[in-house]
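Structural characterization, general
Listed below, chain by chain, are the residues.
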Amino acid sequence: MANALVFIDNPGAALKKSSLELLTIARSLGETAVAFTGELTDDVAATLGAYGATTVYRPSVEELDNYLVGPKAAYLAAAVAASGATVVLLDNSPEGKEIAGRLGIKLNAGVITDVVGVEADGTAHKSVLAGSYNTTAKATTPVTVLSVKANNVEPAPAGADAAPATVTVEVPAEGLANSARIAARTEKPVSGRPDLSEARIVVAGGRGVDGDFGPLEELADALGAAVGASRAATDAGWIGHDAQVGQTGVTVSPQLYISAGISGAIQQKAGMQTSKVIVAINKDAESPVFEIADYGIVGDLFKVLPQATEEIKKRKG
Ligand SMILES: Cc1cc2nc3c(=O)[nH]c(=O)nc-3n(C[C@H](O)[C@H](O)[C@H](O)COP(=O)(O)OP(=O)(O)OC[C@H]3O[C@@H](n4cnc5c(N)ncnc54)[C@H](O)[C@@H]3O)c2cc1C
């Protein structure tokens, strides 16, 4: 019987770093199983084994990943029953959180979102009020559902290489009834930069970039970082909406968040305040962004960022 069940939704050819983090947390809770959707390649199965998964549950319905959240929650509920798991771990993405909520209703389970740490007994540390506070929470229900923010643990393999057993789980027919399906997908052009929600370093720009993300992109590439933005910048059409960080955008929790030309509104803070180190560059010394910054630079981003990029390139040789 598994203690922890990790939901991994159609990872493609390789597992995402956030999935490896969930597996690392799951192992600290006890025996680990995975509820998987999509094609399970040999490489992915081997990685799941290397990270300590003993069993991989797969849905009876092909292409479950082509459905939206409802059928996935139904499948996950069936996988919890099959595995006997007491803790379910999901990504803290909007989809992950919605599945977590639906699963909580199905299982009458306590759901804790925005988790930034999990103790061995399932106690969760959760960031609340737009990331202003970290609280401790523990569900009192037999099953606990946790959606966990990325970049809060270092992924570590288990040091085992046993291949996990695979078990097919029947997806309840009612879970698929009247469910919308994804009819087509268009691949996003590859930027060569890390995924925003998973990146260890994020360089984000706001209205202050005045339409020119060039200096931010150069710094991001020197650091191997992702590029994010405030809503003012995405609404202006200077960068895609998928780059928006904040309450109505992506939640990030990188080791380093560099904020340039962003004033630090509460809705922006909601998406980045759990970053480990925040560096703010703003030409207004009174800008509220400096209240949450670990390091602040009062200056023009068009002067500061190129200097930083040049210095980093010099040091990297
Ligand atoms: C329901 C709702 C949801 C929202 N969701 C989000 C969200 O998810 N994410 C989000 O970001 N916002 C969100 N917003 C909008 C939010 O309230 C702010 O309006 C927005 O974050 C402001 O973006 P900004 O900091 O880039 O712009 P501004 O507040 O205009 O700040 C621009 C900053 O750039 C500085 N600056 C200008 N030129 C330079 C320069 N050359 N060098 C250095 N600094 C410079 C200025 O001093 C200023 O501080 C939401 C709002 C609402 C009502």
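Quick notes on the rules
Residues numbered from 1 in each chain as written. Predicted model: local features only at pLDDT ≥ 70, side-chain atom pairs only at ≥ 80, totals over all residues. Helix = DSSP H or I, 4+ residues; strand = E, 2+ residues; numbered from the N terminus. Buried ≥ 20, exposed ≤ 12 C-beta atoms within 10 Å, placed from the backbone. Contact = placed C-beta atoms within 7 Å. Expected span 1.5 Å × (residues − 1). Pairing = 2+ DSSP bridges. Axes fitted to C-alpha atoms, helices over the stretch in contact; angles between N-to-C directions. Near = placed C-beta within 6 Å. Domains from an automatic or database assignment. UniProt positions renumbered as here; feature names shortened; annotations may be inferred. Parallel < 35°, antiparallel > 145°, perpendicular 65-115°, else oblique. Left-handed = near helix turned anticlockwise from the far one by under 90°. Nonpolar A, V, L, I, M, F, W, Y, C, P; charged D, E, K, R; others polar. Arc of directions from axis to C-beta.

Okay, the overall build of the protein chain next. For the protein chain, the helix and strand inventory stands at ten helices and 14 strands. When the backbone C-alpha atoms are referred to their principal axes, the protein chain occupies close to 60 × 45 × 40 Å. With 317 residues in all, the protein chain has 48% of them scored as buried. Excluding contacts between residues fewer than 6 apart, the proportion of contacts in the protein chain whose partners are at least 24 apart in sequence is 67%.

On to helix α1 (residues 17-29). Taking 1.5 Å of rise per residue, 13 residues should cover 18 Å, and α1 covers 19 Å from first to last C-alpha, within 8% of that figure. Along α1, the residues that are buried comprise Ser 18, Ser 19, Leu 20, Glu 21, Leu 22, Leu 23, Ile 25, Ala 26, Arg 27 and Leu 29. For α1, the elements touching its buried residues are β1 (4-9), β2 (32-37), β3 (53-59), β4 (87-91), β5 (110-118) and β8 (144-148).

It is worth spelling out the sheet that holds strand β12 (residues 256-260) at this point. One open sheet accounts for five strands, arranged β11-β10-β12-β13-β14; its pairing is parallel. The open sheet is flanked by β11 (226-229) and β14 (295-298), the only strands paired with a single partner. Direction aside, the axes of adjacent strands within the sheet are offset by 20° on average. Bridging between strand β10 (residues 201-205) and β11 involves four bridges; their strand directions are parallel. Across the sheet, the residue bridging to Val 202 is Ala 226, located in β11. Helix α6 (residues 214-223) contacts β10, β11 and β12 of the sheet and is inclined by roughly 175° relative to β10.

This part is about unusual backbone geometry. Its identity as a non-glycine residue notwithstanding, Asn 108 has a phi of 50°, on the positive side. As for its position among the elements, Asn 108 is in the loop between α4 (94-107) and β5.

As a further point, take the site of the ligand. Taken together, 28 residues form the shell around the ligand, and within it Gly 206, Gly 208, Ser 230, Arg 231 and Gly 246 come nearest. Elements with a contribution of two residues or more to the shell around the ligand: α7 (231-235), α8 (266-269), β13 (277-282) and α10 (301-316). Looking at which element gives the most residues to the shell around the ligand, the answer is α7, with three residues.

Bringing the domain arrangement of the protein chain into the picture now. Segmentation of the protein chain into domains returns domain 1 (4-176) and domain 2 (201-316). On a C-alpha basis, the centres of domain 1 and domain 2 stand 31 Å from each other. On the domain 2 side, the residues contacting the ten residues of domain 1 number nine residues.

Moving on, we come to the sheet that holds β2. Here nine strands make up an open sheet; going across it, the order is β7-β6-β5-β8-β4-β1-β2-β3-β9 and the pairing mixed. At either end of the open sheet lies a strand with only one pairing partner, and these are β7 (133-137) and β9 (165-169). Neighbour to neighbour, the strand axes of the sheet diverge by 35° on average, direction disregarded.

As recorded in UniProt, the feature "binding site: FAD" (unreviewed entry) lies at Arg 207, Ser 230, Arg 231, Gln 244, Val 245, Gly 246, Gln 247, Thr 248 and Asn 282. A maximum C-alpha distance of 22.8 Å is found for the annotated residues, which run over 76 residues; spatially they are spread out rather than grouped. Relative to the elements of secondary structure, Ser 230 occurs in the loop between β11 and α7. Residue position: Asn 282 is located in strand β13.

The next point concerns the packing of helix α3 (residues 69-83) against α4. Between α3 and α4, the least distance of the axes is 9 Å, while the angle of their chain directions is 55°. One finds that α3 runs oblique with respect to α4. Between α3 and α4 lies a crossing whose hand is right-handed. Contacts between α3 and α4 involve Val 69, Gly 70, Lys 72, Ala 73, Leu 76, Ala 77 and Val 80 from the first element and Glu 95, Glu 98, Ile 99, Arg 102, Leu 103, Lys 106 and Leu 107 from the second. A per-class count over the contact of α3 with α4 returns eight nonpolar, one polar and five charged.

A few words now on α10. Between its terminal C-alpha atoms α10 stretches 22 Å, which fits the 22 Å expected from 16 residues at 1.5 Å a residue. Among all positions in α10, only Leu 301, Val 304, Leu 305, Ala 308 and Thr 309 are buried. Mapping the buried residues of α10 onto a view down its axis gives an arc of 130°, with all of them on the same face. Along α10, the residues that are exposed and aim more than 90 degrees away from the buried face are Glu 311 and Lys 314. Where α10 is buried, its residues meet α6, β12, β13 and β14. Just past α10, the residue Gly 317 takes up positive phi, approximately 80°.

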